Amino acid sequence: SLEISTLLGNPEAHRANKRFIHSDLNREFSHEKLKNTDNTEECEQMTPDDVECMLGSEGLPLTVEALRAKEVNSILGPKFGQEHPSTDLVVDLHSTTTNMGTTIIIPETDVAMARAAAYVLHECGGELGEVRILMHSIPKREHRPNLSSAARHGFTIEVGPVPQGVLRHDAVEKTQMALKALFEFLQKSNEDHDSIMAELAKIYPNGKVPCYRSALAKIPGQMSGKITWPSDDENPNFPKWMVHQSLQDRDFSKIKKGDPLFLDLGGKIIPYDGSHGEEVHLIFVNEGGYYYQSSGTGIGVAVASEYDLTTARLPPRNEEL
């Protein structure tokens, strides 16, 4: 009952074996950026060599990723306007350089995706199998800048650690396992919705699904909050401080106010200042993609929580686990 097709998000970056050519594609789907030009036919024929000649409505050159975002939006969307998106669901497959295991990322209040994530979590072994759900509190897709927001629903499967530009057999298998479980849930839901709901009710008898809630973004255009590091004086895409060794490869571990967080090049320890709470979980620790300004620099922050299987809502922030 599923009609499935594949789309390579950033073909130019794929050919160059880079994360991106000019900017992070997953930050190009805001209303402001998508409306920057209406030259869709020209966009489809652009190459990286032509990018400096293509100007948006603000008179600024459009990047390869800005042009590709418009192409993708025309295929999957449109995200904005009177028409409904042509695509029901985008499953965004990601790798991360960090030790995040298999992380399912979904938005709050999307009931269909929350139930799908709950099924995938169970089928793939839960936290003991290094599988977790990360829910972000940006319910309306119009407010999200990522690629999957072009469709009615978005579901991200993030697997790591994987160095950028490298294939890892184990990471591919973990991705396939999560994808298989997702498709299985969708198929069962289409065939016998009541039956799959009864199955979920047995797995989660209290109606609550364990997850992590990402911190609220403090910088416009970002998906979630981060603890930022200062950038090098001569290179905005390289940190001035190192992540403290006690945190390396320990994604989802707790950090308390006063614990070591960064180390400057002189050997001085910079502690966590409690800016996101007295005690939080760190995610995407020393993520290679977060060295770039266009992606938002720093370390991700989350708190342990749970969401309601019926409403896909998280508890108020002062009632977290």
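Computed from a predicted structure; not experimentally measured.

### Looking at the overall build of the chain
Along its length, the chain carries seven helices and 14 strands. At 20 Å, the chain has a C-alpha radius of gyration in line with the 20 Å of a compact globule built from 321 residues. Dimensions of the chain, computed from C-alpha atoms along their principal axes, come out at roughly 60 × 55 × 40 Å. Long-range pairs, those at least 24 residues apart, make up 70% of the contacts in the chain with a sequence separation of at least 6. For the chain, the computed accessible surface area is about 16500 Å², with 50% contributed by carbon and sulfur atoms.

### Some thoughts on the sheet that holds strand E12 (residues 269-271)
The strand order across the open sheet formed by three strands is E9-E11-E12, and the pairing between neighbours is antiparallel. Two strands close off the open sheet at either side, each with one partner strand: strand E9 (242-243) and E12. Two strands pair when backbone bridges link them, and E9 and strand E11 (residues 260-263) are joined in this way by two bridges, in the antiparallel orientation. If you follow Met242 over to E11, its bridge partner there is Leu263.

### Observations concerning the packing of aromatic side chains
Across all of its chains, the model carries eight aromatic pairs by this definition. Here Tyr119 and Phe185 contribute two aromatic rings whose centre-to-centre distance is 5.6 Å and whose plane-to-plane angle is 45 degrees, an arrangement assigned as tilted. One end of the pair, Tyr119, is in helix H5 (residues 111-123); the other, Phe185, is in helix H6 (residues 169-191), with 66 residues separating them in the sequence. Comparing Tyr119 with Phe185 shows no difference in burial state: the two are buried. Grouping aromatic residues by their ring pairs yields a cluster made of Trp229, Phe238, Trp241, Phe262 and Tyr291. Here the guanidinium or amino end of Lys226 rests over the ring plane of Tyr290, the centre of that ring lying 4.2 Å away.

### Section: the nonpolar core
Formed by 34 residues in total, the largest nonpolar core has its most connected members in Ile104, Ile106, Ile133, Phe155 and Tyr307. Considering every element that reaches this core, the biggest residue donor is H5, with eight residues. Sequence-distant contacts of Ile133, that is, excluding residues within four places in its chain, are made with Ile104, Ile106, Ala117, Ala118, Leu121, Val209, Pro210, Cys211, Tyr212 and Tyr307. Among the nonpolar cores identified, the runner-up in size contains 15 residues, and Ile227, Ile270, Tyr272 and Ile299 belong to it.

### Here's the deal with the packing of H6 against helix H7 (residues 193-203)
Running from amino to carboxyl end, H6 crosses H7 at an angle of 130 degrees, the nearest separation of the two axes being 5 Å. Relative to H7, H6 is oriented oblique. In this structure, H6 contributes Phe185, Lys188, Ser189 and Glu191 to the contact, and H7 contributes His193, Ile196, Met197, Glu199 and Leu200. Split into classes, the residues belonging to the contact of H6 with H7 amount to four nonpolar, two polar and three charged.

Thresholds applied
- Residues numbered from 1 in each chain as written.
- Predicted model: local features only at pLDDT ≥ 70, side-chain atom pairs only at ≥ 80, totals over all residues.
- Heavy atoms only, no water.
- Helix = DSSP H or I, 4+ residues; strand = E, 2+ residues; numbered from the N terminus.
- Rg over C-alpha atoms; globule rule 2.2 N^0.38 Å.
- Contact = heavy atoms within 4.5 Å.
- Areas by Shrake-Rupley, 256 points an atom, 1.4 Å probe, with all protein chains shown as cover.
- Pairing = 2+ DSSP bridges.
- Phe/Tyr/Trp six-rings, centres within 6.5 Å; stacked < 30°, edge-to-face > 60°.
- Buried < 20%, exposed > 50% of the residue type's maximum accessible area, 1.4 Å probe, protein only.
- Lys NZ or Arg CZ within 6 Å of the ring centre and 35° of its normal.
- Core = buried A, V, L, I, M, F, W, Y, C linked by side-chain atoms within 4.5 Å.
- Axes fitted to C-alpha atoms, helices over the stretch in contact; angles between N-to-C directions.
- Parallel < 35°, antiparallel > 145°, perpendicular 65-115°, else oblique.
- Nonpolar A, V, L, I, M, F, W, Y, C, P; charged D, E, K, R; others polar.

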